[in-house]
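# Close look at the chain arrangement
Here is what each chain is made of, one letter per residue.
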Amino acid sequence: MTVISALLVVGSLALASALLMGYAAARFQRERLSLVDKIDALLPQTQCGQCSYPGCRPYAEAIARGDADINQCPPGGALTIGALAELLGRDAKPLDPGRGTSKLKQVAFIDEALCIGCFKCILACPVDAILGAPKQMHTVVSSECTGCELCVEPCPVDCIDMRVVDQGMSNWRWPRPQDAPRMGL
Amino acid sequence: MSQTLWQFHGGLKLPGHKALSNREPSIPAAIPERLFLPLQQHIGIASRPTVKIGEKVLKGQLIASAEGYVSVPVHASTSGTVIDIGDYPVAHPSDVDARCIVIEPDGDDVWVERRVPAQCDLLGPKAVNDMIRDAGIVGLGGAGFPSHVKVNEGVENVVDTLIINGAECEPYITCDDRLIRERADEVIAGASLISRTVQAKRCIVAVEDDMRDAYAALEKVLIGDIELAKVPAIYPAGGEKQLIFTLTGKEVPCGRLPIHIGIVMHNVATAAAVYRVVHYGEPLVSRYVTVTGSVVSPRNMQVLLGTPVGDLVDQCGRPDGPPKKVIMGGPMMGIPVQDERVPVIKTTNCILVTDALERGPQMPCIRCGDCVDVCPVNLLPQQLYWYARAQDFDTAQDLHLFDCIDCGCCAQVCPSNIPLVQYFFFAKSEIAAEEEARGSADRARGAYESRTARLAKDEAERARHLQQGDIGESRAKNDRGQKKAYIQAAIERTKAKRATAREREGSPKDNATVGPDRKSTPESNE
């Protein structure tokens, strides 16, 4: 009799807490990020295609599927490779030199005197950062430009330059102070 | 006047060196040969020039207008001619040049017409606020936050206490001290005006207990129910959150502003400037500046904004011997000035000429905890230092890095001479840059996703039209042919343009590798 009542008590307790937890799991469900989302969040979003995929998200999908390696993103460079390695529990490796090299942040600049309004760069821009209409002059919204260089090649009159972003007061960063020398033991 | 005062944690009793400069009455500084007026002298968005090069301007004339709510206009500090709008050195740790309007004074110092409202004492809050904004007034204590924003927040919220801050706590600086002694009536009138505008229940004017003459001067002209307070001279007693705690016992919560606990604070010089704009129609064109340290005759001067620092040093007597360090601000929080053309701006309270601030060589942290004892914000500087150094910025933020007020107490007492504040500046700027990068990556991701979706939709639409026979295949081909011809013609035109341009430059060299010939046949893919 005691055994039965003990079982009943424990059993009903277990059932009650299971129901409570089940309810809580459904009620307070946290938004779960898929692996692709997590990888995509680490990529620089230049959408440059240097990884051989048509954008950052397709590259993230390829990594998640296991089709692509983690060292194919030149704009992200060592930082991105390190972050991906940590996320995926792999060893970091140097950037694949065949993909390109890490450079300073650049933005596209259209020489407006030469632009013929052909619209080709606008079609090429992966983030809609070029403004213009057919047979009208085009211009780059530099705050939106990711520096992917995809607009440079299609331009039939070669009027697009990539320019390194100026160091101004707004994007200046404090240098890291020189650390104290280590004391020998 | 006796009132309960609270004592904030930490702080330092520092040698004041105030007597160096506060004995002599202030004098107006000479009008310099050139005035350099930066477009960004305040926190917020830089102002936009409204004058052109070559234009004649009068003293007090608007030369750059405010761009947005948290922004203020700039006025010409004297009459003269605008000779340039370009990048010049300013006081900034980066040494990056900033956009300035350069005025060549004509020496006459002629004012623009100053409009004074008929009944200054009866102005409504909106009118006073507009006048403060249009006069370009910012916090003159050093932070440079646009004053009209603070006043406006005060109007829109219930203000329990208005504090007028005369607690000039950093060593060497005496510009507020001299201003109070010489213009106590303006400070009190300004305080009363702001108090009325924000409908404060209490108004306290606070000075440090070693500013006896200033206290006496204020006492003499006290009006209404404005209270006076003396706070202990412990650095940083004049820090906003520290002074609030000292006077009211209230702490401003993390990441909140004083207005959230019903308090508004303005500097004494700001109060005087508010008085001058309302009663005399004078915008902010000059300020008190302490020139002190090893100059021959240290003193306070009334300086036109935009006056180069070097001019002031010369007027107070350049010290003999090898060139010394010039610091804009005080010894604790000032910025070293590399170029003597750097101008005095709205937030410049002191020019300190010295070479006595060099520290010994930096050594490893010995975890003595002295920095913890002196931190006025109750932070753990040595922990913040480790995490900033290891670039573990998340942990540094968890330890409230952004509550640090950059006062420098920790670095001052560090027996290992570690430049702690520099590490904190480094960490804060890296975090800000990281957030900026994340923001633009998110924008790029959004733009890419919406473009991908749009292209897919267009493609589907196109397929549907083709199926329905709206666009015949022949017509599409014809279109493509025309387009090709048009582009080819345009390319020819551009080539010709380039060729003539090259001829004009007179450089016969042909850079064919980068020339337009590289891509002679445009692909006709759409």
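Please read these numbers as outputs of a predicted model, since none were measured by experiment. (Residues numbered from 1 in each chain as written. Chains lettered and ligands numbered in written order. Predicted model: local features only at pLDDT ≥ 70, side-chain atom pairs only at ≥ 80, totals over all residues. Heavy atoms only, no water.)

## Examining the overall build of chain B
Along its length, chain B carries 13 helices and 17 strands. Reported as C-alpha extents along the three principal axes, the dimensions of chain B are approximately 95 × 60 × 55 Å. Within chain B, residue pairs in contact and separated by at least 24 positions form 71% of the contacts whose partners lie at least 6 positions apart. Accessible surface for chain B amounts to roughly 24,800 Å². Of this, 51% is attributable to carbon and sulfur atoms. Here chain B holds 60 positive side-chain charges and 69 negative ones, and the gap between their average locations is 5 Å. (Helix = DSSP H or I, 4+ residues; strand = E, 2+ residues; numbered from the N terminus. Contact = heavy atoms within 4.5 Å. Areas by Shrake-Rupley, 256 points an atom, 1.4 Å probe, with all protein chains shown as cover. Lys, Arg positive; Asp, Glu negative; His and termini not counted. Charge placed at Lys NZ, Arg CZ, Asp CG, Glu CD.)

## A look at the domain arrangement of chain A
Residue and element names in this part refer to chain A. For chain A, the assigned domains read domain 1 (35–99) and domain 2 (104–166). At the junction of the two partners, domain 1 supplies four residues and domain 2 supplies five residues. Approximately 340 Å² of surface area, both sides summed, lies buried where domain 1 meets domain 2, with 61% of it carried by carbon and sulfur atoms. In terms of surface lost to domain 2, no three residues of domain 1 exceed Thr46, Gln47 and Cys48, which account for 89% of the buried area on that side. Scanning the region where domain 1 abuts domain 2 turns up zero salt bridges. Summed over the shared surface of domain 1 and domain 2, the result is one residue pair in polar contact (both at pLDDT 80 or more). In terms of residue class, the side of domain 1 that touches domain 2 is built from one nonpolar, three polar and no charged. (Domains from an automatic or database assignment. Buried area = accessible area lost by both parts, 1.4 Å probe. Salt bridge = Lys/Arg side-chain N within 4 Å of Asp/Glu carboxyl O. Polar contact = N/O pair within 3.5 Å; in protein donor to acceptor, adjacent residues only side chain to side chain. Nonpolar A, V, L, I, M, F, W, Y, C, P; charged D, E, K, R; others polar.)

## A look at unusual backbone geometry
The omega angle of the peptide bond from Tyr235(B) to Pro236(B) is -5 degrees, so this bond is cis rather than trans. Examined against the element boundaries, Pro236(B) turns out to sit in the loop between strand S11 (227–231) and helix H5 (240–248). For Gln45(A), which is not glycine, the phi torsion reads 65 degrees and is therefore positive. If you trace the backbone, Gln45(A) turns up in the loop between helix H2 (35–42) and helix H3 (56–65). We note that His17(B) has phi near 50 degrees; this positive angle belongs to a residue other than glycine. With respect to the secondary-structure elements, His17(B) resides in the segment before strand S1 (27–28). In this structure His17(B) comes out as partly exposed when scored by relative accessible area, which is 37%. (Buried < 20%, exposed > 50% of the residue type's maximum accessible area, 1.4 Å probe, protein only.)

## Things to note about the interface of chain B and chain A
At the interface, 45 residues of chain B touch 45 residues of chain A. The junction of chain B with chain A conceals about 3,900 Å² of combined surface from both sides, 57% of it contributed by carbon and sulfur atoms. The interface formed by chain B and chain A includes six salt bridges. With a shortest N-O distance of 3.1 Å, Asp40(A) and Arg445(B) are connected by a salt bridge.

## Quick look at the confidence of the model for chain B
The predicted model of chain B has a mean per-residue pLDDT of 89, with 93% of residues at 70 or higher. Here residues 507–526 of chain B scores under 50 on pLDDT; set against residues more than four positions off or in separate chains, the count is 34 contacts. (pLDDT = per-residue confidence, 0-100.)

## Overview of the domain arrangement of chain B
Residues and elements named next belong to chain B. What the domain assignment lists for chain B is domain 1 (18–351) and domain 2 (367–497). For domain 1 and domain 2, the distance between their C-alpha centroids amounts to 35 Å. With seven residues of domain 1 at the contact, the number on the domain 2 side is 10 residues. Where domain 1 abuts domain 2, roughly 670 Å² becomes buried across the two surfaces, and 62% of that area is made up of carbon and sulfur atoms. The largest per-residue losses of area from domain 1 upon contact with domain 2 belong to Gln242, Cys254 and Met332, which jointly make up 52% of the total buried on that side. Inspection of the domain 1/domain 2 interface yields zero salt bridges. On the surface where domain 1 and domain 2 come into contact, there are two residue pairs in polar contact (both at pLDDT 80 or more).

## Examining the sheet that holds strand S12 (residues 263–267) of chain B
Through backbone hydrogen bonds, the strands of a sheet pair up, either in parallel or in antiparallel fashion. Residues and elements named next belong to chain B. The four strands lie next to each other as S11-S10-S9-S12, forming an open sheet whose pairing is parallel. Strands at the two margins of the open sheet, each flanked by one partner only, are S11 and S12. Taken pair by pair, the neighbouring strands of this sheet meet at an average axis angle of 25 degrees, ignoring direction. Where strand S9 (residues 161–166) and S12 come together, five bridges link them in parallel fashion. (Pairing = 2+ DSSP bridges. Axes fitted to C-alpha atoms, helices over the stretch in contact; angles between N-to-C directions.)

## Thoughts on the packing of H2(A) against H3(A)
Angle between the axes and distance between the axes: these two values describe a pair of packed helices. All names here are of chain A. It is at 8 Å that the axes of H2 and H3 come closest, and there the two elements cross at 130 degrees. Taken as axis vectors, H2 and H3 run oblique relative to one another. The handedness of the crossing between H2 and H3 comes out as right-handed. Within the contact between the two elements, H2 uses Leu35, Val36, Asp37, Ile39 and Asp40 and H3 uses Cys56, Arg57, Ala60, Glu61, Ile63 and Ala64. (Parallel < 35°, antiparallel > 145°, perpendicular 65-115°, else oblique. Left-handed = near helix turned anticlockwise from the far one by under 90°.)

## Looking at the nonpolar core
Within the largest apolar cluster, 67 residues are counted, with the highest numbers of intra-cluster contacts made by Ile63(B), Ile101(B), Ile103(B), Ile137(B), Ile164(B), Val205(B) and Leu218(B). If you tally residues by element for this core, the top one is helix H3 (residues 175–198) of chain B, at 10 residues. Ignoring anything within four residues of it in the chain, the contact list for Leu218(B) reads Ile180(B), Ala184(B), Val187(B), Ile188(B), Val205(B), Val207(B) and Leu228(B). Counting residues in hydrophobic clusters, the runner-up holds 27 residues, among them Ile110(A), Val127(A), Ala129(A) and Cys145(A). (Core = buried A, V, L, I, M, F, W, Y, C linked by side-chain atoms within 4.5 Å.)

## A short note on the pairing of strand S13 (residues 286–293) of chain B
Here is the key point about a regular strand: its side chains alternate between the two faces of the sheet. All names here are of chain B. Across the eight residues of S13, seven count as buried, placing the element largely inside the fold. One ladder, built from six bridges, connects S13 with strand S14 (residues 299–304); its direction is antiparallel. Residue pairing across strands places Tyr288 opposite Gln302, the latter belonging to S14. Counting the residues between successive antiparallel strands, the hairpin from S13 to S14 contains five residues. Two strands pair when backbone bridges link them, and S13 and strand S17 (residues 350–354) are joined in this way by four bridges, in the parallel orientation.

## As for the environment of Met211(B)
Residues and elements named next belong to chain B. Considering the arrangement of structural elements, one finds Met211 in the loop between strand S10 (202–208) and helix H4 (212–221). With a relative accessible area of 5%, Met211 lands in the buried category. Note: C-alpha distance between Met211 and Lys18 (193 residues apart in sequence) is 9.5 Å. Apart from the residues lying within four places of it in its own chain, the contact partners of Met211 are Gly166, Glu168, Asp177 and Ile180.

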